[in-house]
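Examination of the molecular architecture
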Amino acid sequence: MTMFLKNLSIRLKILIPVAVLGCLMFVLGLISIRSASQIKTASAEISGTYAVKIEHLGDVTSSYQTLRRVAFAHIVAQGDKNLQKTLEDEASELKTTIDGLCEEYGKILTSADEEKSFQQFTDDYAAYLVIYNKILTASVSGDTTTATTLANTDLKQAGTALTALLGEMRDMNKANMDDAVAHQKTLYYEVVRTIIIAIIV
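Residues numbered from 1 in each chain as written. Predicted model: local features only at pLDDT ≥ 70, side-chain atom pairs only at ≥ 80, totals over all residues. Heavy atoms only, no water.

Okay, the side chain of lysine 53 next. Along the chain, lysine 53 turns up in helix H2 (residues 10-76). The residues touching lysine 53, leaving out its near neighbours within four places in the chain, are Tyr105, Ile108, Leu109, Thr110, Glu114 and Asn173. (Helix = DSSP H or I, 4+ residues; strand = E, 2+ residues; numbered from the N terminus. Contact = heavy atoms within 4.5 Å.)

It is worth spelling out the packing of aromatic side chains at this point. Taken as a whole and assessed by the stated rule, the structure comprises five aromatic pairs. Both rings, one in tyrosine 105 and one in phenylalanine 118, keep their centres 5.4 Å apart while their planes meet at 40°; by these two values the pair is tilted. Separated by 13 residues along the polypeptide, tyrosine 105 in helix H3 (residues 81-106) and phenylalanine 118 in helix H4 (residues 112-140) bring together distant segments of the chain. On the accessibility criterion, phenylalanine 118 (14% relative accessible area) is buried. Geometrically, the ring pair formed by tyrosine 128 and tyrosine 132 is stacked, given 6.4 Å between the ring centres and 25° between the ring planes. (Phe/Tyr/Trp six-rings, centres within 6.5 Å; stacked < 30°, edge-to-face > 60°. Buried < 20%, exposed > 50% of the residue type's maximum accessible area, 1.4 Å probe, protein only.)

The next point concerns the environment of alanine 158. Summarising the element assignment, alanine 158 is placed in helix H5 (residues 144-200). In sequence terms alanine 158 and aspartate 124 are 34 residues apart; their C-alpha atoms lie 7.4 Å from each other. Setting aside chain neighbours within four positions, we find alanine 158 in contact with Tyr128 and Ile131.

This brings us to H4. Taking 1.5 Å of rise per residue, the 29 residues of H4 would be expected to cover 42 Å, and the 42 Å separating its terminal C-alpha atoms lies within 8% of that figure. Backbone geometry just after H4 places glycine 142 at a positive phi near 90°. (Expected span 1.5 Å × (residues − 1).)

Turning next to the nonpolar core. Soluble globular proteins: nonpolar side chains tend toward being buried together. Counting residues in hydrophobic clusters, the biggest one holds 35 residues, and the most contacted among them are Leu67, Phe121, Tyr125, Tyr128, Tyr132, Ile135 and Met169. When contributions to this core are tallied by element, the ones reaching two or more residues are H2, H3, H4 and H5. It is H4 that contributes the most residues to this core, ten residues altogether. Not counting chain neighbours up to four residues away, the residues in contact with methionine 169 comprise Leu57, Tyr105, Ser117, Phe118 and Phe121. (Core = buried A, V, L, I, M, F, W, Y, C linked by side-chain atoms within 4.5 Å.)

Bringing the environment of phenylalanine 72 into the picture now. Mapped onto the elements of the fold, phenylalanine 72 is located in helix H2. Using a relative accessible area of 25% as the deciding quantity, one classes phenylalanine 72 as partly exposed. Residues phenylalanine 72 and threonine 148, 76 residues apart in the sequence, show an inter-C-alpha distance of 7.6 Å. Look past the residues within four positions of phenylalanine 72 in its chain and what remains in contact with it is Ala151 and Asn152.

Another point: the packing of H3 against H4. Running from N to C, H3 and H4 cross one another at 170°; their axes reach a closest spacing of 12 Å. Here H3 is positioned roughly antiparallel relative to H4, judged by the angle of their axes. On H4, the residues touching Lys81, Gln84, Glu88, Ala91, Lys95, Ile98, Asp99, Cys102, Tyr105 and Gly106 of H3 are Glu114, Phe118, Phe121, Tyr125, Leu129, Tyr132, Asn133, Ser139 and Val140. When its residues are assigned to classes, the contact of H3 with H4 shows ten nonpolar, four polar and five charged. (Axes fitted to C-alpha atoms, helices over the stretch in contact; angles between N-to-C directions. Parallel < 35°, antiparallel > 145°, perpendicular 65-115°, else oblique. Nonpolar A, V, L, I, M, F, W, Y, C, P; charged D, E, K, R; others polar.)

Applying the stated rule across the entire model yields three salt bridges. Linking glutamate 114 and lysine 53 is a salt bridge whose minimum nitrogen-to-oxygen distance equals 2.7 Å. You can see glutamate 114 sitting in helix H4 and its partner lysine 53 sitting in helix H2, a full 61 residues away along the chain. The residues glutamate 114 and lysine 53 share a single accessibility class, namely buried. Note that lysine 107 is salt-bridged to glutamate 104, the shortest N-O span being 3.5 Å. Its relative accessible area of 38% is what places glutamate 104 among the partly exposed residues. (Salt bridge = Lys/Arg side-chain N within 4 Å of Asp/Glu carboxyl O.)

The following block contains the structure:
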């Protein structure tokens, strides 16, 4: 090996280290590009997926809780058909809002657990609406006793279950977002290490 190096021309002796350094820099560059791409993907997951889903879930929670208050207001508004009609229109708008949010949420599910939780929510919300519509029907007909009983028992119980499920779904997304942030930090430090190595070399 020593004789081989001695027999090399000065030009090759200069070019070989340069070529080795060039290859090393090329590899480091590829690593940096890959890490930067992964950081971009992680950022998109955080801002474009998890944050959006958490926001949607918050809006759904707010809308369906307002929906419940509308039911009680409808019962209390006995004798005022105009007010009851206004409340019915508000309920219809809230249902449309919730349906839209759920449709958007369903498009950005990222795991089997999320799909299972979302399906459970969809089923529970459908059952909630069945009770809700019974309350409005009873209230419109003047049967305040039935409407009030349903609102204070069945609707309240279904609402409690929905609130708990939405909370679990938010917690799941927050945990996934925290994992994505931690992964992003790891990738960032990897890029920093690569840059430091390149500077030292």
